[in-house]
Amino acid sequence: MTRTQGWTAPLGVLAAVAGQGTVLVAAGLLVTHPPGGWWDPAEDGLVARLADHRTAALTTASSWLSGLAFTPAIVTVTAAVALLLLLRHQPRPAALLAGAVALQAALFVTVAHLVDRARPDVVRLDGALPTSSFPSGHVGAATALYGGLGLLALHRLRGRWRILLCALAWTVPLLVAASRLYRGMHHPTDVLAGGLNGAAALWVVARALPARAHRDPAAPVAASPAVPAPAAASPAVPLPVALVYNPVTVDDALLERLCAVLTAHGHRPPRRLPGAAEDSGRAAAERALAGGARLVAACGGDGTVTACAEALAGTGVTLAVVPCGTGNLLARNLGLPTDPEAALAAALTGRTRRIDLMRAEGDGLPARAAATMAGMGLDAAVMSDTGRALKRRLGWPAYLLAGARHLGDRRFALTVAVDGAEPVHRQVRAAVVGNVGTLQGGVRLLPAAAPDDGLLDLVLVQPHGPRGWGQALLALLTGDRRPGPDAPLEHFPGRRITLTADRAHPRQCDGDPVGEGRALTLTVRPAALRVRVPADPAEQPDPAEQPDPAEQPDLAEQAQPIRSAGQYDRPGRAAVRREVA
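Since this is a predicted model, take the numbers as computed values, not measurements.

1. A short note on the overall build of the protein chain
- Helix and strand counts for the protein chain stand at 17 helices and 18 strands.
- Evaluated residue by residue, the protein chain yields a buried proportion of 49% over its 581 residues.
- Taking the intrachain contacts of the protein chain between residues at least 6 apart in sequence as the baseline, contacts between residues at least 24 apart amount to 73%.
- About 26,900 Å² of surface is accessible on the protein chain, with carbon and sulfur atoms providing 61% of the total.

Here's what the structure looks like:
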C-alpha cells in the first residue's frame, strides 16, 4: 500500500485502535503487576527527588505548563484550530487534530480504569484527580494536539521558520511531561505511555483519513471556451512512454491510475517495466530505451529515479519523476507535488529542463551516477540504520529515529580536495556533496545549490558538542554560511570534489548505502539529463529546443582548477565567493 492511498477500511481502523488499547493495558499491567515479582520498576525515586527540590519559580512554571494540557485548554485550542481550518476549507487537517485528541482521550479513560495505578506517594501539587496515574492524560493530549500542530506547520507552511515552529510545538509535550513528574502526578512510565498514546492516535487517525482529493486523471474537467487547455496536455504526436516502477512501493492500483494519467494527457498506453532490487531499475530503463521509449516515468524513490537517470543520461530521452518513495529529494527540488498522480500530471503539462548529474566513485565503489546528494559519515550511517519497513510505515521521519542514535558519533579527520585547489583538513561528523540543496521538510542544507548550474556544493558538518549542534541548527534556519573550521557548517563549491577520510566510514549515494570506505569522489556531469518539471511562465523558453548534451563535449573534462578565492559564477545569480583554504 502506498502512502497516497489512505487507510479507509473500517475493520483496519478498528483493529488498529483495539491493538493500541491492548498494548497500553498490557504495558500498564506489566508495570503495576510484574509477573512473579521478578521486575521492580523502582520509579518513585525520581519523583521523590523532584519533590524534594521544588522551588517557587519551578512550581509556578510547572503550573503553567500543566495548564497547557488541562482538558479545558486542550478542548479550546483544538476547537479553535479546527474551526479555523474548516473556514479555510481544509477539512482533512481539522479532522486529524480533532480525531487524534478524541481518540487518545477515549483510550486514556479506558486504560486508566482498567490499570487503576496509584499516583506517586509524594505531596501532589494538583490534588486528587478522578483518574488513575497510568497513562498520563495530560501528556497524551499534549502529544496529540501539539504534535499534530507541529506536523501541520512542517507540511503546510512555507519558509524556513516552519522548522522552528514545528520544533516549538513538539517541545510542548516534553515540557508537559516534565511538569507532571515535577508536580508528583505521575511515574516516569506514565508519561512515557501517555506520549506513546498521543503519537499512536495521530498515526491511526492520519491513516484512517482518506487521501487528499484530487481530480480524476481519466476524466479531466472540460476547459472553458475562453480558456483553452494547455497544449502540453494533448501532444500532437503521442510519445512512446514507459513506466519503470519499484514493485515494493507501487502496487497494481496505483500503477493503473498512473497509466490513466498518461492516456488522459494524450499519450499512448505505456509499457510497464518493474525494476529489479539488485539494480534499482536501471536494466528496466535500458529495456525501455531499447524498445523506443521517448519518455520514461520513474515511479519509486530516489534510488529508482537515479537508476533511470543514469540509463537516460545523454540519450535525449526525457525523464518524468513520479515520487513513490521515502525521501523523493529530486522531486521536491524540482518543485513536483508529493502525490504520484499529481506529480505525473504536472510533469506532463510542464516543460523540459536540463539538469546536472553527479558521477560518484571511490575505493571499493565502482563509478555510478547520483542525482541529489552523496556523502560520508553521519548521514550515511543514518541511511544504513533506517530499516525499509520503518521507512514504509513512517516515511522520511523514520530517519529522525536513526539520526538521534548517531548524534553522539565522534568526529573524524577528513581531507577535502576541490578541483585543483590546495587540500584542506577538517574534523567533521559528516560531509555531504549535493546537486540539489533542499532536504525533507524544506530544510536548505545547501542554500546555493541548483540542479542546473554546472557545479556541485559541499557542506562539512562539524559542530563541537551540544552548543555546536545548536549553532548548526541555527545556521540551517538562517542560511548562515561562515567559512573556516570553526563554523558548524562549512560550504565549498566545485566541479570535482574528493573526500579522503582517516579510516573507512559509511557512505551513501542518493540515500542508498554504498558500503564503507575512505574515499569518495564526486564529479559534475553538466546538463546530462532531460527531465520534465512543472510549468513556470517566468522561466526561459523550453530547453528541449537546445542541442542535446550527447552531441557536445563533456564539460566535466574541461573543468579548470578553482581560483584562490574559490569563485564561480552561477547562472542567474550573483557570483558565489567562498574561501577554500
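2. Some remarks on a nonpolar patch on the surface
- Taken together, the side chains of Leu157, Trp161, Leu164, Leu165 and Leu168 define a hydrophobic patch exposed on the protein surface, amounting to about 480 Å² of accessible area.
- With respect to the helices, strands and loops of the structure, leucine 164 is situated in helix α7 (residues 161–182).

3. Quick word on the environment of alanine 200
- Mapping alanine 200 onto the fold places it in helix α8 (residues 188–208).
- Placed 97 residues apart in sequence, alanine 200 and leucine 103 show a C-alpha to C-alpha distance of 9.5 Å.

4. Examining the nonpolar core
- Core analysis: the biggest nonpolar cluster contains 65 residues, and Cys299, Leu319, Val321 and Leu344 have the highest contact counts within it.
- Excluding residues that lie within four positions of it along the chain, leucine 319 makes contacts with Leu295, Val296, Ala298, Val305, Cys308, Ala309, Leu312, Leu529, Arg530, Val531 and Arg532.

5. Points about the confidence of the model for the protein chain
- Per-residue confidence for the protein chain averages 79 on the pLDDT scale, and 78% of its residues sit at or above 70.
- Considering only residues more than four positions removed or in separate chains, one finds that residues 1–8, a stretch of pLDDT under 50, has 34 contacts.
- Contacts of residues 213–236 to residues separated by more than four positions or lying in other chains number 25 contacts, the stretch itself having pLDDT below 50.

6. Side note on the pairing of strand β10 (residues 430–434)
- Of all five residues in β10, five are buried, a share of seventy percent or more.
- Burial of β10 is two-sided: the residues Ala430, Val432 and Gly434 facing one way and the residues Ala431 and Val433 facing the other way are all buried.
- Here strand β7 (residues 373–377) pairs with β10 via five bridges, running antiparallel. From the neighbouring strand, glycine 375 faces β10, where its bridge partner is valine 432.
- Pairing of β10 with strand β11 (residues 456–461), which is carried by five bridges, proceeds in the antiparallel orientation. When the bridges of β11 are listed, glycine 434 appears paired with aspartate 457.

7. A closer look at the pairing of strand β4 (residues 318–323)
- With six of six residues buried, β4 is to be regarded as a mostly interior element.
- Of the two faces of β4, the one holding Thr318, Ala320 and Val322 and the one holding Leu319, Val321 and Pro323 are both buried throughout.
- Where strand β3 (residues 295–300) and β4 come together, six bridges link them in parallel fashion. Paired with leucine 295 across the two strands is threonine 318, which belongs to β4.
- Handedness of the β-α-β unit built from β3, helix α11 (residues 302–312) and β4 comes out right-handed.
- The pairing of β4 with strand β16 (residues 517–533) spans two bridges and is parallel. Across the sheet, leucine 319 pairs through a bridge with valine 531, a residue of β16.

8. Concerning the pattern of salt bridges
- Here the structure, examined in full by the defined rule, presents twelve salt bridges.
- As a salt-bridge pair, arginine 272 and glutamate 256 come within 2.9 Å of each other at their nearest N and O atoms. Separated by 16 residues along the polypeptide, arginine 272 in strand β2 (residues 271–274) and glutamate 256 in helix α9 (residues 252–264) bring together distant segments of the chain.
- Exposure remark for arginine 272: the relative accessible area of 36% places this residue in the partly exposed category.
- What makes glutamate 256 partly exposed here is its relative accessible area of 44%.
- Among the ionic contacts, a cluster of salt bridges with common partners joins Asp126, Arg180 and Arg183.

9. Overview of the sheet that holds strand β14 (residues 507–509)
- Strands sit in the order β12-β11-β10-β7-β14-β15 across an open sheet of six strands; the sheet is antiparallel. Every other strand in the sheet has two partners, leaving β12 (489–494) and β15 (512–513) as the edge strands with one partner each.

10. Digging into the packing of α9 against helix α13 (residues 340–348)
- Closest axis-to-axis distance for the α9/α13 pair is 10 Å, and the angle between their directions is 20 degrees. Considering the angle they form, α9 stands roughly parallel to α13. Here the hand of the crossing between α9 and α13 comes out right-handed. Where α9 abuts α13, its residues Leu254, Arg257, Leu258, Val261 and Leu262 lie against Pro340, Glu341, Leu344, Ala345 and Leu348.
- When grouped by side-chain class, the residues that make up the contact of α9 with α13 number eight nonpolar, no polar and two charged.

11. Quick word on the environment of leucine 58
- With respect to the helices and strands, leucine 58 occurs in helix α3 (residues 56–67).
- Here the alpha-carbon distance between leucine 58 and serine 179, two residues 121 residues apart in the chain, equals 8.9 Å.
- The residues contacting leucine 58, other than those within four sequence positions of it, are His53 and Tyr182.

Rules used throughout
Residues numbered from 1 in each chain as written. Predicted model: local features only at pLDDT ≥ 70, side-chain atom pairs only at ≥ 80, totals over all residues. Heavy atoms only, no water. Helix = DSSP H or I, 4+ residues; strand = E, 2+ residues; numbered from the N terminus. Buried < 20%, exposed > 50% of the residue type's maximum accessible area, 1.4 Å probe, protein only. Contact = heavy atoms within 4.5 Å. Areas by Shrake-Rupley, 256 points an atom, 1.4 Å probe, with all protein chains shown as cover. Patch = residues over 30% accessible without salt bridge, like charges linked within 9 Å, V, L, I, M, F, W, Y side chains within 5 Å. Salt bridge = Lys/Arg side-chain N within 4 Å of Asp/Glu carboxyl O. Core = buried A, V, L, I, M, F, W, Y, C linked by side-chain atoms within 4.5 Å. pLDDT = per-residue confidence, 0-100. Pairing = 2+ DSSP bridges. Right-handed = clockwise from strand over helix to strand, strands pointing away. Axes fitted to C-alpha atoms, helices over the stretch in contact; angles between N-to-C directions. Parallel < 35°, antiparallel > 145°, perpendicular 65-115°, else oblique. Left-handed = near helix turned anticlockwise from the far one by under 90°. Nonpolar A, V, L, I, M, F, W, Y, C, P; charged D, E, K, R; others polar.

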